[in-house]
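# Understanding the architecture of this molecule
Listed here are the chains, written in short residue letters.
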Amino acid sequence: MNRIDFLIRKLSFSLLTLLAVVIFNFFLFRILPGDPVQMIVSPRMRPETRERIRQIFGLDKPIWLNTASARASGEVQAAFDSQLFIYLKNLSHGELGESFNQHKPVVELIRARLIPTVILIVAGQLTGIVFGSLLGLLGAWKRKSAIDTLTLAAGLTAWSLPAFWLGILLLILARGKLPMGGFETSGAIFRSEWERIIDVARHVALPAFTLAVLLFGAYMIIVRNSTMEVLAEDYILTAKAKGLSAFRVLISHALKNAALPLVTIIALDLGYALGGTIQIETIFSYPGVGSLMYEAIGQRDYPVLQGVFMLLAVGVIGANFLADLTYALLDPRVKT
Amino acid sequence: MPDQTFPLRKSQLWRTLFRSKMGILGFTMLAGMILVALFGPLFAPYDPYEIPKVTLGDIYQGPNIRHWLGTDDTGKDVFSAVIYGARVSLLVGFAASIIIVLLGATIGMIAGYSGGSVDVVLMRITDAILVIPSLPLMLVIIAVAGRGLTNIILVIGLLYWTYMARVVRSQVISIKERPFILRAHAIGVSPFRIATYHILPQILPVLFAEVVLDVSYAILSEASLSFLGLGDPTIISWGSMINRAFLRGAVTKGAWWYIVPPGLALAWVTLGLTFLGNALQEIFNPRLRTHHLFDEHKMVARARLAVNVDVSTEKVV
């Protein structure tokens, strides 16, 4: 298969999925019993805000297509003066509406919470990948030994633990040893940038560790299985016969073979990781988009809920496309 | 690894399953929890749905003779609540998996059997749902649609049929060209009859292995929803217990007996299902793991997640 064809196909799939998510989001918050407008405008808002939001989202216009206006003016373009198309246009400008509770644009709220979540996910994923890969290599190398059985059991167990429960247990265990809650010590004055980084790291350590525990099992099993397949190949025997150390054989031959399925699983499981992140941030009062979503649920703050979901969906769809891109670049079976 | 010939005889299935340690362990854990769900409430010391008359001293009692696992923030017995919670979890798990089987098997069968553009369209839809982060999506839907148990079951079922569809499709593709199917087709048996009478029995084992794993996803999803405050408010489930414990200061009070047992119960049942599902996949689905259909690299990666205890040597029947 041609590499360009492959990428075009994957890109159009990603874009179509994105469009489906956007339209789903639009209808979920509009076509429902009761007054659909109350999902976007709230009596809790100030009157002038309410009026502004009504204006921005064209809430007095028809939902699908504005056929009446098109017929009256005789122009086809006027038909797109409907809620759906106004929503799409707003979205392309990053207009996600206004929070019911905090009297701020949703985009602003999300932006303020984005960096902590990115740091948490990157730290958690990296830890999970490193430990998963090492344990996977170890398990494959010593297969059917006690070490193999033990790491497998640990990985499967961690994988099926409820994220929120694991988080609470770690919270109880680590009480007093690490700072609890927040992104950095509030009100602290840092003497150097380095000191600040350490403070941030101490705050993210426990949430990231929780995430890593949830994720490493899947990575471990992938690396272990791919490695076992490779170790049965003849060229590994050759490598060993050449006198390469076990470590070199594992790293340079086996891990390379595990890289592609690993990348794929990381992207595929990002949605799962985000689900875990929502629970973890809630438990550790970590100010990311996950805890923002949790707060929005409690306050019935629909625009925020909708906005965060949009962001997470875009993130996962994007990550999956990146994984496909990596795949196309690395896999020799995709010919140029 | 040799190709498995389907269908296995029932006695063979059990024998193979019990040769796998993981299979025995998973089966025992699950069976134990099913027994608790069925008969536990008959033996539970208290009814968690009854509001007890309590004094201040009854609140957050540690484990003692009257309350084996202590009491919660309203003085209710935690042990009884954990026992009753088994019913909710298993009910959600099995009810959702019925939807998963019906939807997933039907869509997978249609896609695999008809091939062509029908297949392409159905699989693109499946992939799209696979890619959307499921817990956030469930949160959004339940927050808008309301937090009833029925809604929760429906949402889980409607989101998790995708793996089933993928697995069934690849199985159908692998057997639809076999002589007995072609022969049935040639003598004019209707596609519906071929699907239900000739193909379905062949793929039942693989379907069964997949559904066991789906039940565990469903149970974990309900627990996560309940923990995040979107569970059915009229029902006591393990997730909602931990949610209450978290919100009502059990962590600062050090009331571990209100947090650890419901979580252990959850971990027990999901782990049992994961072990059993993995053992079953190992027995039934060796083909999935090794085929290198490029276009389905995601499925291959996913399938490799099945813990294959032994790749290179003999084994299986």
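What you see is a predicted model, and the numbers here were worked out from it, not measured in a lab.

## With respect to the overall build of chain A
- Secondary structure summary: chain A contains 13 helices and zero strands in total.
- Along chain A, helices (α) and strands (β) appear in the sequence α-α-α-α-α-α-α-α-α-α-α-α-α when read from the amino end.
- C-alpha atoms of chain A, sized along the principal axes, occupy 85 × 55 × 40 Å.
- Looking at chain A residue by residue over its 336 residues, the buried ones come to 41%.
- Long-range contacts, defined here as pairs at least 24 residues apart, represent 71% of the contacts in chain A between residues at least 6 apart.

## A short note on the nonpolar core
- Met-293, Leu-305 and Val-308 of chain A together with Leu-139 and Ile-242 of chain B are the most contacted members of the largest nonpolar core, which has 176 residues in total.
- Per element, the largest residue contribution to this core is 19 residues, and it comes from helix H8 (residues 193-231) of chain A.
- Non-local contacts of Val-308 of chain A, meaning those with residues more than four positions away in its chain, are made with Ile-110, Val-289, Leu-292, Met-293 and Ala-296 of chain A.

## Details of unusual backbone geometry
Residue and element names in this part refer to chain A.
- Positive phi, close to 45 degrees, is recorded for Ser-285, a residue that is not glycine.
- Note on placement: Ser-285 falls in the loop between helix H11 (270-283) and helix H12 (289-298).
- Given 13 C-beta atoms within 10 Å, Ser-285 falls into the partly exposed group.
- In the Ramachandran plot, Arg-300 falls in the positive-phi region, its phi being about 50 degrees despite a non-glycine side chain.
- Mapped onto the fold, Arg-300 is located in the loop between H12 and helix H13 (302-330).
- Residue classification places Arg-300 among the partly exposed positions, given that 16 C-beta atoms sit within 10 Å.

The rules behind each value
- Residues numbered from 1 in each chain as written.
- Chains lettered and ligands numbered in written order.
- Predicted model: local features only at pLDDT ≥ 70, side-chain atom pairs only at ≥ 80, totals over all residues.
- Helix = DSSP H or I, 4+ residues; strand = E, 2+ residues; numbered from the N terminus.
- Buried ≥ 20, exposed ≤ 12 C-beta atoms within 10 Å, placed from the backbone.
- Contact = placed C-beta atoms within 7 Å.
- Core = buried A, V, L, I, M, F, W, Y, C linked by C-beta atoms within 7 Å.

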